[in-house]
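# Secondary and tertiary structure notes
So the chains spell out like this:
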Amino acid sequence: MEELKILQKTEELHEARWWEAEANGRVHCYLCPRHCHIHPGQAGFCFIRTNQNGKLYNLGYGAPAALQIDPIEKKPLNHFLPGTRVFSMGTAGCNMGCFFCQNWDISKSRSDQVHSQHIPPEDVPLLALKYGCESLAFTYNEPTIWGEYVIDICKEAKKYGLKTVMVTNGYITYDAFHDIYDHIDAANVDLKAFTENFYGRITLTHLQPVLETLEWLKKETAVWFEITNLMIPTLNDDPTETRKLSEWILTHLGLDVPLHFTAFHPDFKLQDKPRTPPATLDRARQIALDAGLRYVYEGNIYSDGANTYCPECKELLVRRSWHDVLENRIQDGTCSKCGFAIPGVWINEAKEKRGPKHGATASAGNYGHLNL
Ligand code: SF4
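Residues numbered from 1 in each chain as written. Predicted model: local features only at pLDDT ≥ 70, side-chain atom pairs only at ≥ 80, totals over all residues.

Right, let's talk about the sheet that holds strand 3 (residues 37–38) for a bit. Read across the open sheet, the three strands follow the order 1-2-3; overall the sheet is antiparallel. Two strands close off the open sheet at either side, each with one partner strand: strand 1 (19–21) and strand 3. (Pairing = 2+ DSSP bridges. Helix = DSSP H or I, 4+ residues; strand = E, 2+ residues; numbered from the N terminus.)

And the structure:
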């Protein structure tokens with residue numbers, strides 16, 4: 001009988017991967033393109049990778065600061081097990097410095113500034129099953145920075161036929177890329193803009209490494225992935241930029257990668273910009289469709305642009321309202337009217353491996369305080 005072991009947070013440190021020792025007790029973290037060189041007693045840019053006596057530790061390991069049950073459409077993923085629930089978790093810290101961050105309360109915090117639980121990897125799938133989820137999502141802050149925990153959770157998740165999802169800014173080095181993504185089933189990658197100027201000024205990072213990650217996903221993995229572009233008035237909503245972004249996706253990733261244009265709301269350090277008008281998202285969607293992309297969505301607003309249509313016969317296949325699936329007419333991965341194959345992951349074939357005892361034996365008393 002499995003037993004959940006949700007404990008109070010401990011001070012036990014988990015040694016990190018993807019680092020090397022340097023002179024004078026410094027360490028070099030090469031998990032993401034920032035390549036932090038960290039002095040003893042200090043943390044990297046992301047706050048949660050710290051040098052203690054010449055070794056790098058990950059303070060996010062086993063310490064989620066946010067836990068929630070979400071619809072998979074909220075990630076957003078529209079071609080991955082539609083209508084299912086996903087057990088979603090995030091920690092403190094982030095490796096980008098986005099002025100518009102909508103989860104800044106945890107992403108801009110050190111691990112000792114947030115209220116986190118101690119949940120060992122083997123307990124995460126049990127919680128997910130208890131709440132009727134088909135997948136686990138590493139989300140809210142940047143999961144790359146707690147990649148060691150992600151990998152160990154994924155290994156446990158496979159035992160139960162649960163899928164795994166990265167919701168990511170794509171800022172990772174090739175050294176770590178396969179170590180993490182070889183365990184992942186699906187991803188949503190934020191392509192926050194298509195100019196180096198935006199990435200440099202507004203996210204404190206660079207565009208090119210994100211584009212490289214997208215190409216690695218396409219060419220070197222079987223991960224199902226979709227792309228999100230959060231449109232911020234006057235900063236990244238120029239039609240010329242949208243056209244270039246769409247054409248880059250078409251050329252480098254193909255016409256079947258779903259693209260989500262989502263609405264911004266003022267948050268964190270970006271309070272002086274208005275909410276994205278729905279007309280901006282409509283225009284962006286039309287530009288991307290005209291460029292040749294087949295599956296283009298509008299998010300964070302109520303719109304017919306949230307629906308999936310057959311690119312061949314134009315039949316409405318999946319009707320959505322915000323994050324709710326109201327109707328799904330995809331049959332065996334094809335259009336129910338003309339039979340055209342719609343790319344995506346429509347069933348969880350691994351579900352069959354799940355034994356009847358799994359998930360049913362978790363004791364409510366052990367996690368009731370999580371209030372999910
Ligand atoms: S993961 Fe964190 S510590 Fe490592 S290079 Fe990136 S920002 Fe720096």
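Those residues of helix 4 (residues 174–181) that sit buried are Phe177, Ile180 and Tyr181. Summarising the axial view, the buried residues of helix 4 lie within an arc of 90°, below the 170-degree limit, and thus occupy one face. Residues of helix 4 that are exposed and point over 90 degrees away from its buried face: Asp175 and His178. Looking at the buried side of helix 4, the elements it contacts are helix 3 (147–158) and helix 6 (208–220). (Buried ≥ 20, exposed ≤ 12 C-beta atoms within 10 Å, placed from the backbone. Arc of directions from axis to C-beta. Contact = placed C-beta atoms within 7 Å.)

Another aspect to go through is the pairing of strand 9 (residues 163–168). Burial analysis of strand 9 places six of its six residues in the buried class, the great majority of the element. Taken together, strand 8 (residues 135–138), helix 3 and strand 9 constitute a β-α-β crossover, and its handedness is right-handed. Of the pairings in the sheet, the one linking strand 9 to strand 10 (residues 186–190) comprises four bridges and is parallel in character. For Val165, the partnering residue across the bridge sits in strand 10 and is Ala186. In this fold, the crossover linking strand 9 to strand 10 by way of helix 4 has right-handed handedness. (Right-handed = clockwise from strand over helix to strand, strands pointing away.)

Here we take up the domain arrangement of the chain. Examined at the domain level, the chain breaks down into domain 1 (19–58) and domain 2 (66–302). Taken over C-alpha atoms, the centre of domain 1 sits 25 Å from the centre of domain 2. Contacts between the two partners involve eleven residues from domain 1, matched on the other side by 19 residues from domain 2. Residues that form the side of domain 1 that touches domain 2 fall into these classes: eight nonpolar, one polar and two charged. (Domains from an automatic or database assignment. Nonpolar A, V, L, I, M, F, W, Y, C, P; charged D, E, K, R; others polar.)

For the rest of this paragraph, the subject is the site of the ligand. Taken together, Cys29, Leu31, Cys32, Arg34, His35, Cys36, Gly44, Phe45, Cys46, Arg49, Asn95 and Ile145 make up the full set of residues near the ligand. Across the shell around the ligand, the residue classes break down as seven nonpolar, three polar and two charged. (Near = placed C-beta within 6 Å.)

Here we take up the nonpolar core. Grouped together as the largest cluster of nonpolar side chains are 97 residues, with contacts concentrated most on Cys29, Ile48, Ala128, Leu136, Val165, Ala186 and Ala187. Shared between two domains, this core takes at least three residues from each, and those domains are domain 1 (19–58) and domain 2 (66–302). Counting residues in hydrophobic clusters, the runner-up holds six residues, among them Tyr309, Cys310, Leu317 and Ile342. (Core = buried A, V, L, I, M, F, W, Y, C linked by C-beta atoms within 7 Å.)

With their axes 9 Å apart at the nearest point, helix 3 and helix 4 run at an angle of 25° to one another. As the angle between them shows, helix 3 and helix 4 are arranged roughly parallel. Here Gly147, Val150 and Ile151 of helix 3 lie close against helix 4, whose contacting residues are Ala176, Asp179 and Ile180. Tallied by class, residues from the contact of helix 3 with helix 4 come to four nonpolar, one polar and one charged. (Axes fitted to C-alpha atoms, helices over the stretch in contact; angles between N-to-C directions. Parallel < 35°, antiparallel > 145°, perpendicular 65-115°, else oblique.)

Strands sit in the order 6-7-8-9-10-11-12-13 across an open sheet of eight strands; the sheet is mixed. The sheet terminates laterally at strand 6 (66–71) and strand 13 (296–299), the two strands that pair on one side only. On average, each strand axis in the sheet is inclined to that of its neighbour by 20°, with strand direction left out of account. Here strand 8 pairs with strand 9 via four bridges, running parallel. Looking across to strand 9, one finds that Phe138 is bridged to Met166. Contacting strand 11 (224–231), strand 12 (259–263) and strand 13, helix 8 (residues 278–291) runs over the sheet at an angle of about 170° to strand 13.

The terminal C-alpha atoms of helix 6, which comprises 13 residues, lie 18 Å apart, in line with the 18 Å expected from a rise of 1.5 Å per residue. All of the buried residues along helix 6 are Val210, Thr213, Leu214 and Leu217. Buried residues of helix 6 fall within an arc of 100° about the axis and therefore sit on the same side. For helix 6, the exposed residues lying more than 90 degrees away from the buried face are Gln208, Glu215 and Lys219. (Expected span 1.5 Å × (residues − 1).)

The next point concerns the pairing of strand 16 (residues 324–328). For strand 16, the tally of buried residues reaches only zero of five residues, placing the bulk of the element at the surface. In this sheet, strand 16 lies alongside strand 15 (residues 316–321) in antiparallel orientation, the contact comprising four bridges. When the bridges of strand 16 are listed, Val318 appears paired with Asn328. Adjacent in sequence and paired antiparallel, strand 15 and strand 16 are bridged by two residues, among which Trp322 carries a positive phi angle near 55°.

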